[in-house]
Amino acid sequence: MKLILLGPPGAGKGTQAQKLVSDYGYAQLSTGDMLRAAVAAGSEVGKQAKDIMDRGDLVPDEVVVGIISDRVEAPDCAKGFILDGFPRNTAQAEALDKMLDEKGMKLDTVISLEVVEKDLFDRIEQRAKETVGGPRADDNVKALKKRLEVYHEQTAPLIKYYGDQGVLKTVDGMAQIDAVSAQISDILAEV
Ligand code: ADP
């Protein structure tokens with residue numbers, strides 16, 4: 001199973017991805033997590049990405065495309081993978097299509113988590129409080145506003161992109177965590 005979880009920051013992509021990892025054994029490929037690990041490790045990619053991430057902008061496409069390309073064929077992806085936070089714009093989506101095609105792979109489904117935007121501020125505020133070791137550098141009101149702006153401009157058009165490909169499904173991301181998981185499981189059972 002190869003799927004994308006799509007949705008604005010705080011929609012619950014990471015939470016649902018982790019559930020899919022434990023329930024189905026798929027690998028979670030979160031570009032946000034990978035970039036934060038690169039920042040923490042002080043690698044070249046991390047140095048390049050840190051300030052961009054802190055202000056809520058997108059890191060360059062070639063960086064994330066490269067990261068994903070290296071990951072999809074790893075052994076832990078044998079049962080499938082969940083793309084979480086990637087692709088985030090049309091150029092990345094096109095690069096992904098090309099990459100999968102070249103590797104003889106195909107996306108099974110794209111699941112869009114639909115949420116009420118004004119509630120995302122509360123969710124992120126809550127996450128900032130609960131994060132062990134202190135909040136993420138971009139979990140504050142200023143960066144979140146920027147992340148939402150970037151989401152609308154660059155990521156939301158992917159809903160149409162994948163709708164046109166006939167692979168888009170939507171779930172109610174405002175439901176309880178388990179109810180969202182149940183909706184996702186139903187979709188996976190069908191595709
Ligand atoms: P969010 O909760 O905002 O969806 P993520 O953990 O997915 O957070 O991403 C955090 C930051 O990492 C983004 O704001 C961006 O700077 C960077 N990032 C993650 N994925 C991508 C991507 N696919 N393309 C460009 N930048 C990315």
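First, a word on what this report is: a plain description of the structure on this page. Within each chain, residues carry numbers counting from 1 in the order of the written sequence. Confidence filtering applies because this is a predicted model: local features only for residues at pLDDT of at least 70, side-chain atom pairs given and counted only at 80 or more, and all residues used for totals across whole chains, interfaces and linings. Hydrogens and water molecules were not included; the side-chain quantities draw on all heavy atoms of the structure.

1. Description of the overall build of the chain
Alright, step 1. Within the chain, the secondary structure is distributed over nine helices and five strands.
Alright, step 2. Helix and strand assignments come from DSSP, with helices taken as H or I runs of at least 4 residues and strands as E runs of at least 2, each series counted from the N terminus. When the helices and strands of the chain are listed from N to C terminus, the series reads β-α-β-α-α-α-β-α-β-α-α-α-β-α.
Alright, step 3. Here the C-alpha atoms of the chain give a radius of gyration of 16 Å, agreeing with the 16 Å that 2.2 N^0.38 yields for 191 residues.
Alright, step 4. On the principal axes, the C-alpha backbone points of the chain span a range of 40 × 40 × 30 Å.
Alright, step 5. Only protein chains enter the accessibility calculation, which uses a 1.4 Å probe. A residue is then buried if its area is under 20% of the maximum for its type, exposed if over 50%, and partly exposed in between. Looking at the 191 residues of the chain, the share that counts as buried comes to 42%. We take the radius of gyration over the C-alpha atoms and set the globule estimate at 2.2 Å times the residue count to the 0.38 power.

2. A word on the side chain of Thr 109
Alright, step 1. Examined against the element boundaries, Thr 109 turns out to sit in strand 4 (residues 109-114).
Alright, step 2. According to the relative accessible area criterion, Thr 109 is buried, its value standing at 0%.
Alright, step 3. Contacts described as polar in this section are N or O atom pairs within 3.5 Å, which, within protein, must combine one atom able to donate a hydrogen with one able to accept it, while residues neighboring in sequence count only if both atoms come from side chains. A polar side-chain atom of Thr 109 sits 3.3 Å from the main-chain carbonyl oxygen of Val 167.
Alright, step 4. Throughout, a residue-residue contact means that at least one pair of heavy atoms, one from each residue, lies within 4.5 Å. Sequence-distant contacts of Thr 109, that is, excluding residues within four places in its chain, are made with Lys 2, Leu 3, Ile 4, Val 167, Lys 169, Ile 187, Leu 188 and Val 191.

3. A closer look at the nonpolar core
Alright, step 1. Membership of the largest hydrophobic core comes to 31 residues, with the highest contact counts inside it found for Leu 29, Phe 81 and Tyr 162.
Alright, step 2. Looking at this core, the elements with two or more residues in it are strand 1 (2-6), strand 2 (27-30), helix 2 (31-41), helix 3 (44-55), helix 4 (61-71), strand 3 (81-84), helix 5 (90-102) and helix 8 (157-165).
Alright, step 3. Looking at which element gives the most residues to this core, the answer is helix 4, with five residues.
Alright, step 4. Setting aside chain neighbours within four positions, we find Tyr 162 in contact with Ile 4, Pro 87, Ala 93, Leu 96, Leu 107, Val 110, Val 167 and Leu 168. Here, nonpolar core means buried Ala, Val, Leu, Ile, Met, Phe, Trp, Tyr and Cys residues that are tied together by side-chain atoms lying within 4.5 Å of each other.

4. Re the site of the ligand
Alright, step 1. One heavy atom within 4 Å of a molecule or strand is enough for the residue carrying it to be called near that molecule or strand. Lining the immediate environment of the ligand, one finds 19 residues, of which Thr 31, Arg 36, Asp 57, Gln 92 and Arg 147 sit closest.
Alright, step 2. Separating an oxygen atom of the ligand from a side-chain N or O atom of Arg 36 is a distance of 2.9 Å.
Alright, step 3. Exposure was quantified through the Shrake-Rupley algorithm and a 1.4 Å probe, taking into account, for residues, occlusion by the shown protein chains and nothing else. Contact with the protein chains covers 97% of the free accessible surface of the ligand, which is 550 Å².
Alright, step 4. A per-element tally of the shell around the ligand places helix 2 first, with four residues.

5. Things to note about the environment of Met 53
Alright, step 1. Relative to the assigned elements, Met 53 resides in helix 3.
Alright, step 2. A C-alpha to C-alpha distance of 12 Å links Met 53 and Ala 37, two positions 16 residues apart in sequence.
Alright, step 3. The residues touching Met 53, leaving out its near neighbours within four places in the chain, are Gly 32, Leu 35, Arg 36, Val 39, Val 59 and Asp 138.

6. Looking at the pairing of strand 1
Alright, step 1. The buried fraction of strand 1 amounts to four of the five residues, a majority that puts the element mostly inside the structure.
Alright, step 2. At least two DSSP bridges between two strands are required for those strands to pair. Summarising the sheet, strand 1 and strand 3 pair through four bridges and their orientation is parallel. Across the sheet, Leu 3 pairs through a bridge with Ile 82, a residue of strand 3.

7. Describing the packing of helix 7 (residues 141-155) against helix 8
Alright, step 1. Note on geometry: axes are C-alpha line fits, over the in-contact stretch for helices, and angles between N-to-C directions span 0 to 180 degrees. Their axes nearest at 6 Å, the elements helix 7 and helix 8 cross at an angle of 35 degrees. Within the contact between the two elements, helix 7 uses Tyr 151, His 152, Glu 153, Gln 154 and Thr 155 and helix 8 uses Pro 157, Leu 158 and Ile 159.
Alright, step 2. The nonpolar class holds Ala, Val, Leu, Ile, Met, Phe, Trp, Tyr, Cys and Pro. Asp, Glu, Lys and Arg form the charged class, and all remaining residues, Gly among them, are polar. A per-class count over the contact of helix 7 with helix 8 returns four nonpolar, three polar and one charged.

8. Observations regarding helix 8
Because each turn of an α-helix spans 3.6 residues, side chains separated by three or four positions in sequence point in the same direction.
Alright, step 1. Listed as buried for helix 8 are Leu 158, Tyr 161 and Tyr 162. The buried residues of helix 8 occupy one face: seen down the axis, they fall within an arc of 85 degrees. Turned more than 90 degrees off the buried face of helix 8, the exposed positions are Lys 160 and Asp 164.
Alright, step 2. Close packing links the buried residues of helix 8 with strand 1, helix 5, strand 4, helix 7 and strand 5 (168-172).
Alright, step 3. Where helix 8 ends, the next residue or the one after it, Gly 166, has phi of about 80 degrees, a positive value. The directions considered for the arc are those from the helix axis to the C-beta atoms.

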